[in-house]
Amino acid sequence: MTIDQAVELLELEPPATLRDIQLARRKLAKRWHPDRAAPDQRIVHERQMKSVNTAADLLELRVEADGPITAMDVRVSADAARRARAEAGRRAYEAAQAHPGAEPHGAQPERSIVYRYVRSVTYPEWGVGSIVDISFTGEGDDIQRWARVEFNGVKYTLPLDNLTFVDFAVRERDVERAQRFLVAARDAISNGHHELAAKRLVYARNADPRNPEILGLLAEEYRELARLLEAGRTVRDWIRADPENPAAYRLAQLIYKDMGAHDLAADVAAAGRRARRRLVA
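What you are looking at is a predicted structure, and each value in this text was computed from that prediction instead of being measured. (Residues numbered from 1 in each chain as written. Predicted model: local features only at pLDDT ≥ 70, side-chain atom pairs only at ≥ 80, totals over all residues. Heavy atoms only, no water.)

## Things to note about the confidence of the model for the chain
When pLDDT is averaged along the chain, the result is 86, and 93% of the positions lie at 70 or above. Looking across the chain, the model is least confident in helix α4 (residues 71–98), with a mean pLDDT of 78, and most confident in helix α7 (residues 212–224), with 96. Confidence over residues 105–113 falls short of pLDDT 50; this stretch has one contact with residues more than four positions distant or in other chains. (pLDDT = per-residue confidence, 0-100. Helix = DSSP H or I, 4+ residues; strand = E, 2+ residues; numbered from the N terminus. Contact = heavy atoms within 4.5 Å.)

## Focus: the pairing of strand β3 (residues 144–151)
The buried fraction of β3 amounts to six of the eight residues, a majority that puts the element mostly inside the structure. Pairing between strand β2 (residues 129–137) and β3: seven bridges, direction antiparallel. Paired with threonine 137 across the strands is glutamine 144, a residue of β3. Of the strand pairs in this sheet, β3 and strand β4 (residues 154–159) are connected by six bridges, and their pairing is antiparallel. Among the inter-strand pairings, glutamate 150 is bridged to a residue of β4, identified as lysine 155. (Buried < 20%, exposed > 50% of the residue type's maximum accessible area, 1.4 Å probe, protein only. Pairing = 2+ DSSP bridges.)

## Observations regarding the pairing of strand β1 (residues 117–120)
Pairing of β1 with β2 involves two bridges; the strand directions are antiparallel. Looking at β2, one finds that valine 118 is bridged to glycine 129. Bridge count between β1 and strand β5 (residues 163–165): three bridges; the pairing is antiparallel. Bridged to valine 118 within β5 is phenylalanine 165.

## Structural notes on the packing of aromatic side chains
In total, this model carries six aromatic pairs according to the counting rule given. Summarising the aromatic geometry, the rings of tryptophan 32 and tyrosine 123 are spaced 6.2 Å apart at their centres and angled 90 degrees between planes, so their arrangement reads as edge-to-face. Of the two residues, tryptophan 32 is situated in helix α2 (residues 18–32) and tyrosine 123 in the loop between β1 and β2; the sequence distance between them amounts to 91 residues. An identical accessibility class is assigned to tryptophan 32 and tyrosine 123; each is buried. (Phe/Tyr/Trp six-rings, centres within 6.5 Å; stacked < 30°, edge-to-face > 60°.)

## Regarding the packing of helix α5 (residues 174–190) against α7
Between α5 and α7, whose axes approach to 11 Å, the crossing angle comes to 35 degrees. Relative to α7, the crossing made by α5 is left-handed. Facing α5, whose interface residues are Ala178, Leu182, Arg186 and Ile189, α7 presents Glu213, Ile214, Leu217 and Glu221. Classifying every residue of the contact of α5 with α7 by side-chain character gives five nonpolar, no polar and three charged. (Axes fitted to C-alpha atoms, helices over the stretch in contact; angles between N-to-C directions. Left-handed = near helix turned anticlockwise from the far one by under 90°. Nonpolar A, V, L, I, M, F, W, Y, C, P; charged D, E, K, R; others polar.)

## Structural notes on the nonpolar core
Of all hydrophobic cores here, the largest spans 31 residues; its most connected members are Leu10, Leu12, Leu59, Ile69, Val149 and Leu158. Those elements that provide at least two residues to this core are α1 (3–9), α2, α3 (42–66), β3 and β4. In terms of residue count, the dominant contributor to this core is α3 (six residues). The next biggest cluster of nonpolar side chains, apart from the first, holds 30 residues, and it includes Ile214, Ala231, Ala248 and Ala275. (Core = buried A, V, L, I, M, F, W, Y, C linked by side-chain atoms within 4.5 Å.)

## Considering unusual backbone geometry
For the bond running from proline 14 to proline 15, omega is 0 degrees, close enough to zero to count as cis. Tracing the sequence through the fold places proline 15 in the loop between α1 and α2. Of note, the phi angle at glutamate 11 is positive, near 55 degrees, even though the residue is not glycine. With respect to the helices and strands, glutamate 11 occurs in the loop between α1 and α2. For glutamate 11, a relative accessible area of 18% corresponds to the buried category. Look at asparagine 152: it is not a glycine, yet its phi comes out positive at around 50 degrees. Its place among the elements puts asparagine 152 in the loop between β3 and β4.

Here you go:
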């Protein structure tokens, strides 16, 4: 890994001091901690954390030896890397010319479609971002592919395996969008990130406003966060969407008790009993 790659991976702006590097390491450790990952993204997060630590270690040693990382340091490193890639390409071309027909598998050009727009699997609330650049670090089995992606004016360096490509020719259905955010919300809940879960559930509800599962989870998360007015509104929406579900009435009763609205709690408890009788009738 080169200095320019490490600076980009840590999302630093030169000049970067030792303190800047330490803060960047902590920020990215929170973002890419494996506990924040869905099961199918855990290995991606672990590899990303390893790369973040490698980048931070490299820059910390450089700063301790020679002082803060400057814009000139980054430019010199990037220029040296470009020259090295150009030289490697020249040698590969000369070898191919000297031994025609001996190109390694995959050396022949292929037709391909390059998608520019992506979403982060771990952070769907960032929306759709546009790829600015693709880069690689490591060698052999340890090679890592990166994408520099801009979301709403903010650039991140993300592992390519954490991205899903967006084809605007195929419109995402509201129910698919709702399910995408619902899955991400459940991951946040399982790791105790209730603010994030509520945010993702709001996105899911906006896509599918009468989905009982989404409304029930959102009401529970609002109660967990002591946002009782929002919890009350959401649980009423849940009851309207699924009037025969006793669980909705039980949650409403708990929310009203938390609010001190004991008359409303009694009314909703009675409505819940009627719903249960209808179910067994």
